[in-house]
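# Inside the fold
If you want the building blocks of each chain, they are given just below.
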Amino acid sequence: MHIQDGYLSTSVCLATGAVSLGAVAYSLHRMKDSLGERTVPLTGMMGSLIFAGQMVNFPIGLPVSGHLMGGVLAAAVLGPWAGCIAVTLVLVAQWALFSDGGLLALGANVLHIAVLGSIGGYAVMTTVRKLLGGGLRGAVAGAVVAAWLAVLAASAVFCLEFRLSYAASDFDFGNIFTLMVTLHALIGVGEAIITGFVVSVIYQQRSDLIDMAQPADSTVASSASRFAAAGLVCALAVAAFAAPFASDLPDGLDAVAERFRIATSEDSTAGLFADYDQIPVSGWQSLSVSVAGIGGSLAVFAAAVLIGRAIPMTAPTIATEATGE
Amino acid sequence: MSDFWDRYGRSVSICHRMPPVLKLALAVCVIVAGVAIPVRYWPAYGVLGCLVFAGHSIAGIPLGYLIKRLLIFLPFVGSMAISLPLSQGLDRGWDLMLQIMFRGCLAFLVSLWLVNVMPFEQLLVTLRKLKVPAVVVAILAFMYRYVFVVWDELDKMRTARKARSFSGGSLWFRWKTLSQMIGMLLIRSLNRAERIHGAMCSRGWDGEVRWLDDSD
């Protein structure tokens, strides 16, 4: 389930909403340029697919089941801009039809899944593909790594938003951070593996679809800004693991909140800096987060290797009819 | 499947007959009020709760339906909210947890009201009236139209998979099979999108989104 109304404070919701609105507006502009008249049918169809796909439950060996988010998958097939729009509209439709996710929290949800997930994930994906030299393995490995990092980065950003929503004294940031990041490191593995499998299936059948997302004229970004975007997503994910060891991180957040006079909690009578010494994360927390980080990274790379190995070196390319472009 | 979403969307009541923009504005106001009003004005929450239930009963949405949906919703909100007291060893944070749960449930009930009182097509018309970019509304309309087709195809694949006794197998195998289903569905959907695009072009589509003037 997505973020509901009530998790985050109004000001955080508005701030994330503003950022998401800007990103979505920009994506709309770029999408129309790259897709032209195919925009509506292509993005719409992909949207219905992601919508239906999110209702498919994957068994995870526990009484709960998981489901695919699809941000990186959308970007793999449609490119970053149309992918972002498709995922955004899926989130809007999920609110409008299922009440899944809050209305005010739409901004935060879009930021995490569509902006960070699709656009950031695309940057990571193409960077990895470039490093691995393209082809099937590059595509799959890129998708796997991007999907995992996207989930992780989203959870880190959510913790940040949560921290800005409430006063320091209301909850133990270290514990919550550990819980969130560890959980999402595990969930991200599932998302990464499934995304990798789906990308490999598509690549074997219609490799042109994956390459379609690669703009020939590189309008999506020059390599420099793509590296920057990829770097940002990685940095957020790395911060998720490094933060427990950086005991002064919450101090930075407090300072930022104070500087920008962000209302951290309307009804807290304690000051912003109450329980200041409660912040450093104790031994077991940092251990569990690093275990999650190392374990997750290993699992992701193992998955990338295994999925890549299960595929023959030269995938047959099926000749597809010209689309009349 | 469409029945699952807005089971009471076709009823007739004052709420259903309200102007769509008003319905949306009301829902947004109540949600914003629920999230923004500080806890110390707690009587306001009682008022909001009564308002929401009044809205539901005027619209003819039965309580059983609300309770069933709430029961599905509560574990998600609850698990998120309970992390607050849990993180502090269960001695503090309960009031914040209750606050989150109440606000979440309130917003959820308001959304349920809006979903059942305003069919999706009406929402699209309202969005257009509110000057949302035409291409966005067009994509949403397209999505809504074809999600049933995609879902039917997915269902067929699932039946076929069941008929080939899928229940066994390791986790890896099951994930692989499900991913193959999704991959094939994706390719078929994109093929369908290309066919639809061709059909649109042969009927004069040039990328510019136009609407018949609804004048309502």
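Quick caveat: nothing in here was measured; it's all calculated off a predicted structure. Per chain, residue numbering runs from 1 following the sequence as it is written. To label them, take the chains in the order written and letter them from A, then take the ligands in the order written and number them from 1. Where local features are concerned, this predicted model is filtered to residues with pLDDT of at least 70; where side-chain atom pairs are given and counted, the filter is 80 or more; whole-chain, interface and lining totals use all residues. For the side-chain quantities, the full set of heavy atoms in the structure was used; hydrogens and water were omitted.

### Some details on the overall build of chain B
Secondary structure elements follow DSSP: runs of H or I no shorter than four residues count as helices, runs of E no shorter than two count as strands, and numbering proceeds from the N terminus. For chain B, the count of helices and strands is 9 helices and 0 strands. Written out in order from the N terminus, the α and β elements of chain B read α-α-α-α-α-α-α-α-α. With C-alpha atoms as the basis for the radius of gyration, the globule rule is written as 2.2 Å multiplied by the number of residues raised to the power 0.38. Relative to the globule expectation of 17 Å for 216 residues, the C-alpha radius of gyration of chain B, 22 Å, shows a markedly less compact shape. Viewed in the frame of its principal axes, chain B has a C-alpha envelope of about 60 × 55 × 30 Å. Each residue is assigned to one of three classes by its accessible area relative to the maximum for its type, calculated with a 1.4 Å probe on protein chains only: buried under 20%, partly exposed between the two thresholds, exposed over 50%. Every one of the 216 residues in chain B was classed for burial, and the buried ones make up 49%. Whether two residues are in contact is decided by their heavy atoms: any pair within 4.5 Å suffices. If you take every contact in chain B between residues at least 6 apart in sequence, the share linking residues at least 24 apart comes to 71%. Per-residue accessibility takes into account occlusion by the displayed protein chains alone, with areas from the Shrake-Rupley method and a 1.4 Å probe. Summed over all atoms, the accessible surface of chain B reaches about 11100 Å², with 66% contributed by carbon and sulfur. For chain B, the centre of its 25 positive side-chain charges and the centre of its 14 negative side-chain charges are spaced 6 Å apart. Positive charges are assigned to Lys and Arg, negative charges to Asp and Glu, while His and the chain termini are left out of the count. Lys charges are placed at NZ, Arg charges at CZ, Asp charges at CG and Glu charges at CD.

### Section: unusual backbone geometry
Most peptide bonds take the trans form, and the phi angle of most residues other than glycine is negative. All names here are of chain A. The backbone of Ser99 sits at a positive phi, close to 55 degrees, despite the residue not being glycine. Tracing the chain through its elements places Ser99 in the loop between α4 (80–98) and α5 (106–132). Under the relative-accessibility criterion, Ser99 is labelled buried at 1%.

### Some points on the confidence of the model for chain A
Residue and element names in this part refer to chain A. Mean pLDDT for chain A: 74, with 62% of residues reaching 70 or above. What pLDDT reports is the predictor's confidence in each residue, on a scale of 0 through 100. Looking at the elements of chain A, mean pLDDT is at its lowest for helix α10 (residues 249–259), recorded as 53, and at its highest for α4, recorded as 91. A low-confidence stretch, residues 215–221 (pLDDT under 50), is modelled with 9 contacts involving residues beyond four sequence positions or located in other chains. Considering only residues more than four positions removed or in separate chains, one finds that residues 263–281, a stretch of pLDDT under 50, has 46 contacts.

### Description of the interface of chain A and chain B
Listed per partner, the contact involves 76 residues of chain A and 75 residues of chain B. Of the roughly 6800 Å² buried between chain A and chain B on both sides combined, carbon and sulfur atoms contribute 80%. Accessible area that two parts lose when put together, evaluated with a 1.4 Å probe and summed over both, is termed the buried area. When the buried area of chain A at its contact with chain B is split by residue, Val40(A), Met45(A) and Leu97(A) rank highest and sum to 10% of it. Salt bridge, as used here: a side-chain nitrogen of Lys or Arg that lies within 4 Å of a carboxyl oxygen of Asp or Glu. Our enumeration of links across chain A and chain B arrives at 1 salt bridge. The salt bridge involving Glu194(B) is made with Arg206(A); its shortest N-O contact spans 3.5 Å. We define a polar contact as two N or O atoms separated by no more than 3.5 Å, with the added condition that, inside protein, one atom must be a possible hydrogen donor and the other a possible acceptor, whereas residues neighbouring each other in sequence contribute only through side-chain atom pairs. Inspection of the chain A/chain B interface yields 5 residue pairs in polar contact (both at pLDDT 80 or more). Breaking the side of chain A that touches chain B down by element, the ones donating at least two residues are α1 (10–35), α2 (39–53), β1 (58–59), α3 (71–78), α4, α6 (135–165), α7 (173–205) and α11 (283–309) of chain A. Here the side of chain A that touches chain B gets 13 residues from one element, more than from any other, and that element is α2(A). The nonpolar class holds Ala, Val, Leu, Ile, Met, Phe, Trp, Tyr, Cys and Pro. Asp, Glu, Lys and Arg form the charged class, and all remaining residues, Gly among them, are polar. The residue inventory of the side of chain A that touches chain B, partitioned by class, reads 48 nonpolar, 17 polar and 11 charged.

### Observations concerning the environment of Leu104(A)
One can find Leu104(A) in the loop between α4 and α5. Look at Leu104(A) and you get buried, because its relative accessible area is 17%. Distance in space between the C-alpha atoms of Leu104(A) and Val12(A) is 9.6 Å, their sequence separation being 92 residues. Discounting chain neighbours no more than four positions away, the residues touching Leu104(A) are Asp5(A), Cys13(A), Ile31(B), Val32(B) and Val35(B).

### Here we look at the pattern of salt bridges
Charged atoms that come close allow side chains of opposite charge to pair. Residue and element names in this part refer to chain B. With the rule as written, the count across this model stands at 5 salt bridges over all chains. Notably, a salt bridge pairs Arg188 with Glu153, separated by 3.7 Å at the nearest N-O pair. In this pair, Arg188 is assigned in helix α9 (residues 171–202) and Glu153 in helix α8 (residues 134–163), connecting sequence segments 35 residues apart. Residues joined by salt bridges that share partners form a network here, namely Glu153, Arg188 and Arg192.

### A look at empty space enclosed by the protein
Detection works on a 1 Å grid of protein atoms alone, calling trapped sets that fit a 1.4 Å probe cavities and calling open sets with protein on both sides within 12 Å along at least five of seven lines pockets, with lining residues defined by an atom within 4 Å of a point. Grid points are joined across faces, edges and corners, and a volume is the space filled by probe spheres set on the points. Counted under the stated rule, the structure contains 10 cavities of 30 Å³ or more. Looking at the largest cavity, its volume works out to about 110 Å³. Taken together, 11 residues make up the lining of the largest cavity; nearest its centre are Ala96(A), Leu114(B), Val115(B), Met118(B) and Leu123(B). Among the elements of the structure, α4 of chain A together with α6 (94–117) and α7 (120–129) of chain B are those that each provide at least two residues to the lining of the largest cavity. Here the residues of the lining of the largest cavity are counted per class, giving 9 nonpolar, 1 polar and 1 charged.

### Side note on the side chain of Ser27(A)
Residues and elements named next belong to chain A. Structurally, the position occupied by Ser27 is in helix α1. Under the relative-accessibility criterion, Ser27 is labelled buried at 0%. For Ser27, the contacting residues outside a window of four places in its chain are Trp81, Cys84, Ile85 and Ile119.

### Description of the packing of aromatic side chains
All names here are of chain B. Two rings from Phe, Tyr or Trp (for Trp, the six-membered ring) form a pair when their centres sit within 6.5 Å of each other. Planes less than 30 degrees apart are called stacked, planes more than 60 degrees apart edge-to-face, and all others tilted. Using the criterion set out here, one finds 8 aromatic pairs over all chains in the structure. When the centroid spacing of 5.5 Å and the interplanar angle of 75 degrees are considered together, the rings of Tyr144 and Phe148 count as edge-to-face. One end of the pair, Tyr144, and the other, Phe148, are both in helix α8, 4 residues apart, so they sit about a helical turn from each other. You can call Phe148 partly exposed: its relative accessible area is 22%.

### What to know about the layout of surface pockets
The calculated volume of the second largest pocket comes to roughly 900 Å³. Among the elements of the structure, α1, α4 and α5 of chain A together with α3 (20–36), α7 and α8 of chain B are those that each provide at least two residues to the lining of the second largest pocket. Classifying every residue of the lining of the second largest pocket gives 25 nonpolar, 4 polar and no charged.

### Here's the deal with the packing of α3(B) against α6(B)
Residues and elements named next belong to chain B. To obtain an axis, a line is fitted to C-alpha atoms, over the contacting stretch when the element is a helix, and the angle between two such axes runs from 0 to 180 degrees between their N-to-C directions. Closest axis-to-axis distance for the α3/α6 pair is 9 Å, and the angle between their directions is 175 degrees. When the interaxial angle is binned, α3 and α6 end up roughly antiparallel. In this structure, α3 contributes Lys23, Leu24, Ala27, Val30, Ile31, Gly34 and Val35 to the contact, and α6 contributes Arg103, Leu106, Ala107, Val110, Ser111, Trp113, Leu114 and Val117. Here the contact of α3 with α6 is composed, by residue class, of 11 nonpolar, 2 polar and 2 charged. For this classification, under 35 degrees means roughly parallel, over 145 means roughly antiparallel, 65 to 115 means roughly perpendicular, and everything else is oblique.

### Some details on a nonpolar patch on the surface
Residues and elements named next belong to chain B. Patch definition: residues with relative accessible area over 30% and no salt bridge; like charges joined within 9 Å; nonpolar side chains (Val, Leu, Ile, Met, Phe, Trp, Tyr) joined within 5 Å. A surface patch of nonpolar side chains, amounting to about 400 Å² of accessible area, comprises Phe53, Leu63, Ile67 and Leu71. Among the elements that make up the nonpolar patch, the one with the highest residue count is helix α5 (residues 63–87) (3 residues). If you trace the backbone, Leu71 turns up in helix α5. Residue Leu71 is classed as exposed on the basis of its relative accessible area of 55%.

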